[in-house]
Amino acid sequence: MTMGQRIAQRRRQLGLSQEALADAVGVSRQAVSKWELDEAQPDAAKIVLLAQALGITTDELLLGEAEAENPAVQAPPGTPRPDHLGRLEKLVRKHGYKVGYVLIAWGLALLLFAGAGFLMFRGFFTAADESYRDFNVFSSSLVPEWNGQGSITFEPADGVTLTDEEIALIERELAGQVGFSQKPVQAAAHAFSPTLQRAVYAVLALPAIFGAALVVTGVVVIVKYKGKE
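Visitor: Quick question: what am I supposed to make of the overall build of the protein here?
Guide: When you go through the protein residue by residue, the secondary structure sums to eight helices and zero strands. In the protein, the succession of α and β elements from N to C terminus is α-α-α-α-α-α-α-α. Looking at the protein residue by residue over its 229 residues, the buried ones come to 30%. Expressed as a percentage of contacts within the protein between residues at least 6 apart in sequence, the contacts between residues at least 24 apart total 68%.

Visitor: Can you walk me through the nonpolar core in this structure?
Guide: When a protein is soluble and globular, its nonpolar side chains tend to lie buried together. In this structure, Ile7, Leu21, Leu50, Leu54 and Leu61 are the most contacted members of the largest nonpolar core, which totals 19 residues. Those elements that place two or more of their residues in this core are helix H1 (3-14), helix H2 (18-25), helix H3 (29-36) and helix H4 (44-54). With five residues, the top contributor of residues to this core is H4. Once residues within four sequence positions are removed from consideration, Leu50 is found in contact with Ile7, Leu21, Val25, Trp35, Pro42 and Leu61. Formed by seven residues, the second largest nonpolar core is a distinct cluster that contains Ala127, Phe154, Val160 and Leu162.

Visitor: I would appreciate a short explanation of the pattern of salt bridges in the present structure.
Guide: The final tally for this structure, using the stated rule, is one salt bridge. Across the pair Arg11 and Glu36 runs a salt bridge, and its minimum N-O distance is 2.5 Å. Remark: Glu36 occurs in helix H3 and Arg11 occurs in helix H1; sequence separation between them is 25 residues.

Visitor: For this particular structure, what's the right way to read H4?
Guide: Along an α-helix, residues three or four apart share an orientation, since each turn contains 3.6 residues. Looking at H4, one finds that the buried residues are Ile47, Leu50, Ala51, Ala53 and Leu54. The buried residues of H4 all sit within an arc of 160 degrees when viewed along its axis, so they share a single face. Where H4 is buried, its residues touch H1, H2, H3 and helix H5 (58-63). By the N-cap criterion, in which a side-chain oxygen at the helix start approaches the backbone nitrogen of a residue two or three places on, H4 is capped by Asp43, the distance to Ala45 being 3.3 Å.

Visitor: Would you mind going over the packing of H1 against H4 with me for this structure?
Guide: In a packed pair of helices, the relevant descriptors are the angle between the two axes and the axis-to-axis distance. Relative orientation of the contacting elements H1 and H4 amounts to 35 degrees, with a least axis distance of 10 Å. Each of Ile7, Arg10, Arg11 and Leu14 in H1 lies in contact with H4, whose residues at this interface are Leu50, Ala53 and Leu54.

Visitor: Honestly, the environment of Ile222 in this entry has me stumped. Any pointers?
Guide: In this structure, Ile222 sits in helix H8 (residues 194-225). Judged by its relative accessible area of 13%, Ile222 falls in the buried class. C-alpha separation for the pair Ile222 and Tyr97, spaced 125 residues apart in sequence, amounts to 4.4 Å. Apart from the residues within four sequence positions on either side, Ile222 is in contact with Tyr97, Gly100, Tyr101 and Ile104.

Visitor: How do you make sense of unusual backbone geometry when you look at a structure like this?
Guide: A negative phi angle is the norm for most residues apart from glycine, just as the trans form is the norm for most peptide bonds. Its identity as a non-glycine residue notwithstanding, Asp38 has a phi of 60 degrees, on the positive side. For Asp38, the location among the structural elements is in the loop between H3 and H4. On the basis of relative accessible area, Asp38 is assigned to the partly exposed category, the value being 33%.

Visitor: Just to check I follow, could you spell out the environment of Thr161 for this structure?
Guide: If you trace the backbone, Thr161 turns up in the loop between helix H6 (84-140) and helix H7 (164-177). With a relative accessible area of 73%, Thr161 lands in the exposed category. Sequence spacing of Thr161 and Ala128 is 33 residues, and the spatial spacing of their C-alpha atoms is 8.7 Å.

About the criteria used
Residues numbered from 1 in each chain as written. Predicted model: local features only at pLDDT ≥ 70, side-chain atom pairs only at ≥ 80, totals over all residues. Heavy atoms only, no water. Helix = DSSP H or I, 4+ residues; strand = E, 2+ residues; numbered from the N terminus. Buried < 20%, exposed > 50% of the residue type's maximum accessible area, 1.4 Å probe, protein only. Contact = heavy atoms within 4.5 Å. Core = buried A, V, L, I, M, F, W, Y, C linked by side-chain atoms within 4.5 Å. Salt bridge = Lys/Arg side-chain N within 4 Å of Asp/Glu carboxyl O. Arc of directions from axis to C-beta. Polar contact = N/O pair within 3.5 Å; in protein donor to acceptor, adjacent residues only side chain to side chain. Axes fitted to C-alpha atoms, helices over the stretch in contact; angles between N-to-C directions.

Structure, rendered in C-alpha cells:
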C-alpha cells in the first residue's frame, strides 16, 4: 500500500473530508488529493502535521506499520470532525417552514372534525327535543272523554331512534293518564339532560382547541423559518 493510499484510508476511517484534512494540515484540498493519488509527496514538515491530523505516527504514515492490536479508530484531540449538528441546523433553517404547513393542515383537519361533530350532535339533540315536545302536545290535545277504548300510537320525530320497549312505555303512559287524570302527560324539557349535552360539547371542544393551537404554531414556524434558507 502506498503512502497516498494510507492517507486516504486513514482519512476515511476518521470520517474526514479532504477539505477538513487540508485545513488541519494547512494546505489546499487539491494538495491532499494529489497526495492520495500519489501524484505528489508532502514535505517533511507536512508529514509531521499530516501524521498528527490522522492520529498515527510518522513511521506508520511513511512505512505503513500496522497499529498494535487493531485499536479503536479515534481522532486525536484537535482533529476536525464532521459537523453533523451544523448540517442539521442548515436543514432546519432551509426546510423548517414546511413543518409549519403540515401543522396548519393538521390543525384545520381537527377544527373541521370538531365542527362537524358539533353540528351532528346539535342536530340530534334538537330532533330529540322536538320529538318529546310533539309527544307532550299530542298527549295534551286528546279528548278528556276518551274512555280507554282503541289504541294510541306514538311515532318519534325524524332522526330520533327509540326501541320498541321505549315506544310501548310512552303509549302506556298516554293510555293510562289521558281521560283519568286531570294532569296531562308532561314531557321533560330536553330528551337528554343538559349536563349530558354540555359534556358532549366539552369533549368536542378538545380537538377544536388542539387544532387551533396547531394552526397558531404552524404560522409561527413559517414566520420564523420562511426565507431563512
